[in-house]
Amino acid sequence: MAEGSARVAILMGSQSDWEVMKAAEQVLDELGIASDPRVISAHRTPDRLVRYLAGAEQTGIEVIIAGAGAAAHLAGVTAAHTLLPVLGVPIGSSDLKGLDALLSTVQMPGGIPVATFAIGKAGAKNAGLFAAAILARSDASVRSRLEKFREAQSAAVPERPY
Ligand code: RP5
């Protein structure tokens, strides 16, 4: 686990979403960025959501990642309660395999933006990397770790297929 107080919140609508959302925590951890994972449902625990968001900025949170499945409104409701950037991750937990969550998350009416990522683990990982890119704008050490991450990723791709 990265040391220090959390700069990125990782919200998810259900404990069952953790299998996907831990990809965000893992990549942030690799980049030395502490995160705060929370199970908070917009419809099952609405009070918990409002309470958490009321204090998030003061506790040092700078970016919020919100992952949910089905008729996913967690990211949108989160964005309605904060001025922090909200990165939405649709989760393929329903019979519609995440297409419902993708559309619910991406189709925010104008006025309350949610940056939306791919369905599932790739989306959670990229949301973590995007959160790091936001922090890197004003944090040289995060920027340098992000550069090293990209270099290592490139170096791991063989030039020949066999
Ligand atoms: C959504 O419903 C959650 O984000 C989750 O993806 C889905 C199923 O939740 P559980 O029934 O597994 O708690 O609200």
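Our structure is the block above this text.
Quick summary incoming for the structure in this document. Note that the structure is a prediction, hence the values are computed from the model and not measured. (Residues numbered from 1 in each chain as written. Predicted model: local features only at pLDDT ≥ 70, side-chain atom pairs only at ≥ 80, totals over all residues. Heavy atoms only, no water.)

1. Details of the overall build of the protein
Which entries qualify depends on this criterion: By definition, any uninterrupted DSSP run of H or I lasting at least four residues is a helix, any uninterrupted run of E lasting at least two residues is a strand, and each is numbered from the N terminus. Radius of gyration: C-alpha atoms only; globule rule: 2.2 Å multiplied by the number of residues to the exponent 0.38. Relative accessibility decides the category of a residue: with a 1.4 Å probe and only protein chains considered, values under 20% of the type maximum give buried, values over 50% give exposed, and everything between is partly exposed. We call two residues contacting when some pair of their heavy atoms lies within 4.5 Å. Only the protein chains shown count as cover for residues, and the accessible areas themselves come from Shrake-Rupley with a 1.4 Å probe.
Helix and strand content of the protein: 6 helices and 5 strands. Written out in order from the N terminus, the α and β elements of the protein read β-α-β-α-β-α-β-α-β-α-α. Taking 2.2 N^0.38 as the reference for a compact globule, 162 residues should give roughly 15 Å; the C-alpha atoms of the protein span a radius of gyration of 16 Å, in line with that estimate. Each principal axis of the C-alpha atoms in the protein carries an extent, and together these give about 50 × 40 × 30 Å. For the protein, the residues scored as buried account for 46% of the 162 residues in total. Residue pairs in contact within the protein that sit at least 24 positions apart in sequence constitute 68% of those at least 6 positions apart. Surface accessibility of the protein: about 9,000 Å² in total, with carbon and sulfur atoms responsible for 54%.

2. Section: the site of the ligand
Rules: Any residue with a heavy atom lying within 4 Å of a molecule or strand is counted as near it. Pairs of N or O atoms within 3.5 Å make up the polar contacts considered here, provided that, within protein, one atom can donate a hydrogen while the other can accept it, and that residues adjacent in sequence are counted only when both atoms are side-chain atoms. Each residue is assigned to one class: nonpolar for Ala, Val, Leu, Ile, Met, Phe, Trp, Tyr, Cys and Pro, charged for Asp, Glu, Lys and Arg, and polar for all the others, Gly among them.
As a structural note, the neighbourhood of the ligand is formed by G13, S14, S16, D17, H43, R44, A68, G69 and S93. S16 has a polar side-chain atom sitting 2.7 Å from an oxygen atom of the ligand. Between the ligand and R44 there is a distance of 2.7 Å, counted from an oxygen atom to a side-chain nitrogen or oxygen. Starting from 360 Å² of accessible surface for the ligand in isolation, the protein chains cover 72%. Looking at the shell around the ligand residue by residue, the class counts come to 1 nonpolar, 6 polar and 2 charged.

3. Quick notes on the pattern of salt bridges
When charged atoms on two side chains of opposite charge get close, those side chains can pair. To keep things clear, this is the line we draw: Salt bridge, as applied in this entry: a Lys or Arg side-chain nitrogen positioned within 4 Å of an Asp or Glu carboxyl oxygen.
On inspection of all chains with the given rule, the structure shows 6 salt bridges. Its salt-bridge partner being R7, residue E62 comes within 2.6 Å of it at the nearest N-O pair. Taken as a pair, E62 in the loop between α2 (46–56) and β3 (63–69) and R7 in the segment before β1 (8–12) lie far apart in primary sequence, 55 residues in all. The network of salt bridges with common partners includes R7, E62 and D139.

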